[in-house]
Amino acid sequence: MKQYGIILFLGVVLLTLSACSRPSPSMPLQKAAVQQKQKEAVPPNTTAGQQYTVQFDLNGIAGQVPSPQTVAAGQCAVQPQLRTAFREEPDGSASVLYWSSDRNGKERFRFSEPLNANTTLYAHFGSPRIYEIQGRAHVSPLEDKQVKDVQGVITAITYSRKKPNGFFIQDIQGDGDAATSDGIYVYCGTDSPTGIAVRQHVSVTGTVKEYAYKPKNGPVEDMPLTQIALSELRIIENNSPLPAPIEITAADLEKPVFVDDLNSLNPQSEAIDFYESLEGMRVCVRNPQVVAVPYKGTQYLAPSDAHGFSIRGGMMYNSYASTALLCLYPKKCFADTASINMPKPEPAIGDVYAGMVTGVLDYAYSKYQIALTDPLPALTRKATGKEGTQLISSIPFAADKLNLVSYNLENFSKANTRQSHSSKKSAEERAAAFANQFVKLMQGPDLICLIEVQDDSGEKADDGVVSARNTLQLLTGEIEKRRAGLRYEALVLNPEEGRDGGAPGANIRCAYLYRSDRLEPVSDRDGDVTNSRATTKAEIEADGSRLLQNPARLGVGEAVFKNTRKSLVAHFRFKDGINGGKDFFVINNHFNSKRSDGKIWGRRQPVHRSSETKRHQQAELIASFISSITAVRPGAAIISVGDYNDFWFSQTIGIFKRAGMKNAIEVLPENNRYTYVYDGHSQTLDNILVTDNVHIDMAEVLHINAELPAKERLSDHDPVFVQLSWL
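1. Re the overall build of the chain
And then number 1: Secondary structure assignment for the chain yields eight helices and 39 strands.
And then number 2: Taking the principal axes of the C-alpha coordinates as reference, the chain spans close to 100 × 50 × 50 Å.
And then number 3: By residue count, 57% of the 727 residues in the chain fall in the buried class.
And then number 4: When contacts within the chain are restricted to residue pairs at least 6 apart in sequence, those whose partners lie at least 24 apart make up 71%.

2. Concerning the confidence of the model for the chain
And then number 1: Summarising the model, the chain shows a mean pLDDT of 92, and 92% of its residues fall at 70 or more.
And then number 2: Confidence over residues 1-26 falls short of pLDDT 50; this stretch has 79 contacts with residues more than four positions distant or in other chains.
And then number 3: With pLDDT under 50 throughout, residues 32-42 is counted as low confidence; its partners more than four residues away or in other chains account for 19 contacts.

3. Some details on the pattern of salt bridges
And then number 1: Under the criterion given, the structure shown has 29 salt bridges.
And then number 2: The partner of R312 in a salt bridge is E707, with the nearest N and O atoms 2.5 Å apart. Of the two residues, R312 is situated in the loop between β18 (298-302) and β19 (315-316) and E707 in the loop between β38 (695-701) and β39 (720-725); the sequence distance between them amounts to 395 residues.
And then number 3: For D646, the salt bridge is made with R615, and the minimal N-O distance between the two is 3.0 Å. Highlighted residues: D646 in the loop between β33 (638-643) and α8 (651-658) and R615 in helix α7 (residues 611-632), separated in sequence by 31 residues.

4. Section: the side chain of Q69
And then number 1: By the secondary structure assignment, Q69 is in strand β5 (residues 69-72).
And then number 2: At a separation of 2.7 Å, a polar atom in the side chain of Q69 contacts the main-chain carbonyl oxygen of V78.
And then number 3: The residues contacting Q69, other than those within four sequence positions of it, are Y52, T53, V54, F56, A77 and V78.

5. A few points about the sheet that holds strand β35 (residues 676-678)
And then number 1: The three strands lie next to each other as β19-β36-β35, forming an open sheet whose pairing is mixed. The two strands at the open ends of the sheet, each matched to only one other strand, are β19 and β35.
And then number 2: Relative to strand β36 (residues 681-683), β35 runs antiparallel, the two being bridged by three bridges. Within β36, the position partnered with Y678 by the bridge is H681.

6. Regarding the side chain of S393
And then number 1: In this structure, S393 sits in the loop between β24 (379-380) and β25 (402-412).
And then number 2: Judged by relative accessible area, S393 falls into the buried class, the value being 7%.
And then number 3: Within the local environment of S393, its side chain forms a polar contact with the side chain of E700, the two groups lying 2.6 Å apart.
And then number 4: Beyond its immediate sequence surroundings of up to four residues, S393 is in contact with L441, Q443, E700, L702 and F721.

7. Here's the deal with the pairing of strand β17 (residues 289-295)
And then number 1: Most of β17 sits out of view: six of its seven residues are buried.
And then number 2: Examined bridge by bridge, β17 and β18 share four bridges and lie antiparallel to one another. Residue pairing for β18: A292 is matched across the bridge by Y300.
And then number 3: Between the antiparallel neighbours β17 and β18 lie two residues, among them K296 with a positive phi of about 50°.

8. As for α7
And then number 1: Given a rise of 1.5 Å per residue, 22 residues ought to cover 32 Å, and the 33 Å separating the end C-alpha atoms of α7 matches this to within 8%.
And then number 2: Along α7, the residues classified as buried are S611, E612, R615, H616, Q618, A619, L621, I622, A623, F625, I626 and I629.

9. Quick word on unusual backbone geometry
And then number 1: Going from N550 to P551, the amide bond is cis rather than trans, its omega being 0°.
And then number 2: Take P551: it is sitting in the loop between β29 (519-521) and β30 (552-554).
And then number 3: A cis amide bond, omega -5°, links Q605 with the succeeding residue P606.
And then number 4: For P606, the position within the fold is in the loop between β32 (583-590) and α7.
And then number 5: One non-glycine residue with positive phi stands out, namely R161, at about 55°.

Rules behind the numbers
Every chain is numbered on its own, with residues counted from 1 as its sequence reads. Selection of residues for local features in this predicted model requires a pLDDT of at least 70, selection of side-chain atom pairs for listing and counting requires 80 or more, and totals for whole chains, interfaces and linings are taken over all residues. Excluding hydrogens and water, the side-chain figures rest on all heavy atoms present in the structure. Numbering goes from the N terminus for both helices and strands, where a helix is a DSSP run of H or I of at least four residues and a strand is a run of E of at least two. Only protein chains enter the calculation, and the probe is 1.4 Å; a residue is then buried if its accessible area is under 20% of its type maximum, exposed if over 50%, and partly exposed in between. Contact criterion: two residues are considered in contact whenever any of their non-hydrogen atoms come within 4.5 Å of each other. Every residue is assigned a pLDDT by the predictor, reflecting its confidence on a scale from 0 to 100. The salt bridge criterion pairs a side-chain nitrogen of Lys or Arg with a carboxyl oxygen of Asp or Glu, the two atoms within 4 Å. Under the rule applied, a polar contact is a pair of N or O atoms within 3.5 Å (in protein, one hydrogen donor and one hydrogen acceptor; residues adjacent in sequence only if both atoms are side-chain atoms). By this definition, two strands are paired if DSSP reports at least two bridges between them. What a helix is expected to span follows from its residue count: subtract one and scale by 1.5 Å.

Okay, here's the thing in structure tokens:
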């Protein structure tokens, strides 16, 4: 045996079952279909029940010889993984152990292919193939090792400022294993070699790296992208055929994000592993539907066979499992963006690409995405953009009901300039547009519950201004301009300066606008509903008949509400002669933001939703206050509204349900339960909950903002409109 001065790297002692094979036909492949075909395959000239023997020969390599295997016809042998899986050669490069049916090791044995004869396999060391670098985990077993003569065909070239900075290569044949990727990214930086081109068969030498974006502050959250930092390139052949792309279907993605172990890929059961098994490979999606407007160059698509489309064509987020949402980044692999065939105007929700969208599977911006390599097919425009938004609510105003809306105005202040908001509208223009919605679309609801109202000076830090009086008067004035006699009064408590979170200096708060011809605040203990302050804590009379101070705030002085908007509690009643003068309590909330949560496709799995802890505690506090009322006044009508920053299926909302509340959002079908769109998903952040004795006669989410491009919307939230009644 030839003696080497080598270092043996420890591998994993296990037996790994081969999965599906990846042949290379001219048409796209579906992994699941290929895998099923392999499971069912029986080689020709075999008899059912026939068995074959596989012997292993270490071929002079030190170690324990694997036991022979008996394999039924149509089945695959199991690849043994030895401790001496890798070794370092005298030149410093890493070589890998592989098996061959040829004693001289000319070709690697494909464990993914069914046996059709008795076989002896011989062990050899050689330059790694791409799939051996990728391995069966999210991190390469050869990380930080030098590799040489890694061969593949260039499938795409990446560009930065129109100059190449790297390229993707893919093994021409692949190993046929569904768990190991046959593609990899080669990073060149500013020293990209000249003359490289797609379809070149190349040999790469360099160092294996696991790249992950490192923020200036805070820990690394992204999954690593396996790549080779290039040191030498050799062109073997031009005009090599490209491997057929793997077609991604809904079934590949609609599964749990993560189950148990990032160190052992299970693409059939875990969506994050499915993506990893295709990292760097050519992929495609057939006739995908656009499920959200593009954001910073990323398009959001879903296969045509996806489940969970919203009522308007978006992708619903109704559980923590993976959806069929796919991110597409069109520009990365094009020096000339004119050749992308980018649709103009940009695609809208519900549009469909008529054909295959093809690219390579990449990871960037905390998510897996398809980096487009082929021009986009034609776009069939099926969506309704701004012109298709509602002109009038489906809920007609009912004088014998409580007509209530909850609406996050996205940092609205009288001081807003055209640069303050994505719509480029001035404060006056936004106020006029909001007024149009309240009067024409919502037909003058009894109670408008506002979230994210800033103070009158907007985002001017520490200027001493906390009042929003002028901001709210701007809104009520614009409403009255549109319908004479429709007058709203504001009920609000100014927060303590700088203590309620949000944009610095803006002092956002919750507020109410109530129709003064139909509603009035219930007199509190001192008979004055104008003398409450930011520090006024919400308390109820012993018999539950009224608030000690109306309005008041929940969360004052509570650690769990530090730097978070306090909930605003008010007690209203219908005026004499209207609905029997019935009274009700309403709580307007804006809970802790999700900003600190981990990424769905981040390196920490399962996803750590750190912000939930605070929201759960906030919900418990509000629910406790609700229970304190119902304990002494079981028939009290209580309504809890606002931006809960959590989903209708979340534990946060579950806490309210356990306190005897029900969610108006859940009256709607699941494909219509959304008020916000984030990272391509249509989701619920805004909820309206009522005590069980309150009947939800009608409920509607008015889809007038969230699905539109930022420049066309008044807010990033859709309002929720309900009609309620009780005895």
